Amino acid sequence: ASGVTVTDEVITVFNEMKVRKAQANEDEKKKRKKAVLFCLSEDKKHIVLEAGKEILTGDVGTTIADPYLHFVKMLPADDCRYALYDATYETKETKKEDLVFIFWAPEGAPLKSKMIYASSKDAIKKKFTGIKHEWQVNGLEDIKDRRTLAEKLGGSSVVTLEGGPV
């Protein structure tokens, strides 16, 4: 435990991503967050939403062709992040959506950053109740291929991710 606290905004974003409104209108659906990044505040005391680092469901198919690839490109090469990714996938039986909590700790990140992000991970995970999938990623090699995420979500039973075959 690093004494780092999670801001209310982070918890609100998580709750909005977790709850899928059955009666959402088109406008609400478009504004749904598909992916977000969280980082430590400047003073390293809080986990905050990283400004501008998000994908909205409405962007997919309009300004963003492949949300997974776009998400991977949002991750900084030289620093750690936490992320939530709302994966849409199909198994042989059914269509599913699941939130994935990702701890991004690339080899190029400063040691101090890796240590504080690693020790603060429990603080954010405690707030994210009901997450089924957690994934620690240590570099682009681990994440750039969507098959890796498909395996995390359901092993060989996953046939598509974000509408594309795996």
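Everything below is about the structure shown above.
Note that this is a predicted model, so its numbers are computed, not measured.

What counts, and where the lines are drawn
- Residues numbered from 1 in each chain as written.
- Predicted model: local features only at pLDDT ≥ 70, side-chain atom pairs only at ≥ 80, totals over all residues.
- Heavy atoms only, no water.
- Core = buried A, V, L, I, M, F, W, Y, C linked by side-chain atoms within 4.5 Å.
- Buried < 20%, exposed > 50% of the residue type's maximum accessible area, 1.4 Å probe, protein only.
- Helix = DSSP H or I, 4+ residues; strand = E, 2+ residues; numbered from the N terminus.
- Phe/Tyr/Trp six-rings, centres within 6.5 Å; stacked < 30°, edge-to-face > 60°.

Describing the nonpolar core
- Judged by nonpolar contacts, the single largest core of 24 residues is most densely connected at Phe71, Ile143 and Leu149.
- Among the secondary structure elements, those contributing two or more residues to this core are β2 (33-40), α3 (67-74), β4 (81-91), β5 (95-104), β6 (133-137), α6 (146-154) and β7 (158-161).
- By size, the runner-up hydrophobic cluster in this structure holds 23 residues, among which are Val6, Met17, Phe38 and Phe103.

Quick notes on the packing of aromatic side chains
- In the structure shown here, the tally under the stated rule is eight aromatic pairs.
- Look at Phe14 and Phe128: their rings are 4.5 Å apart centre to centre, the planes differ by 15°, and that puts the pair in the stacked class. Pair noted here: Phe14 is in helix α1 (residues 8-18) and Phe128 is in the loop between α4 (111-127) and β6, with a separation of 114 residues, a long-range link. Each of the two residues, Phe14 as well as Phe128, counts as buried.
- On the numbers, 6.0 Å between centres and 20° between planes, the contact of Tyr82 with Phe101 is stacked. Note that Tyr82 is positioned in strand β4 and Phe101 in strand β5, a separation of 19 residues in sequence. A single burial state applies to Tyr82 and to Phe101, both of which are buried.
- Ring pairing ties together the aromatic residues Phe14, Phe38, Tyr82, Phe101, Phe103, Tyr117 and Phe128, which thus form one cluster.

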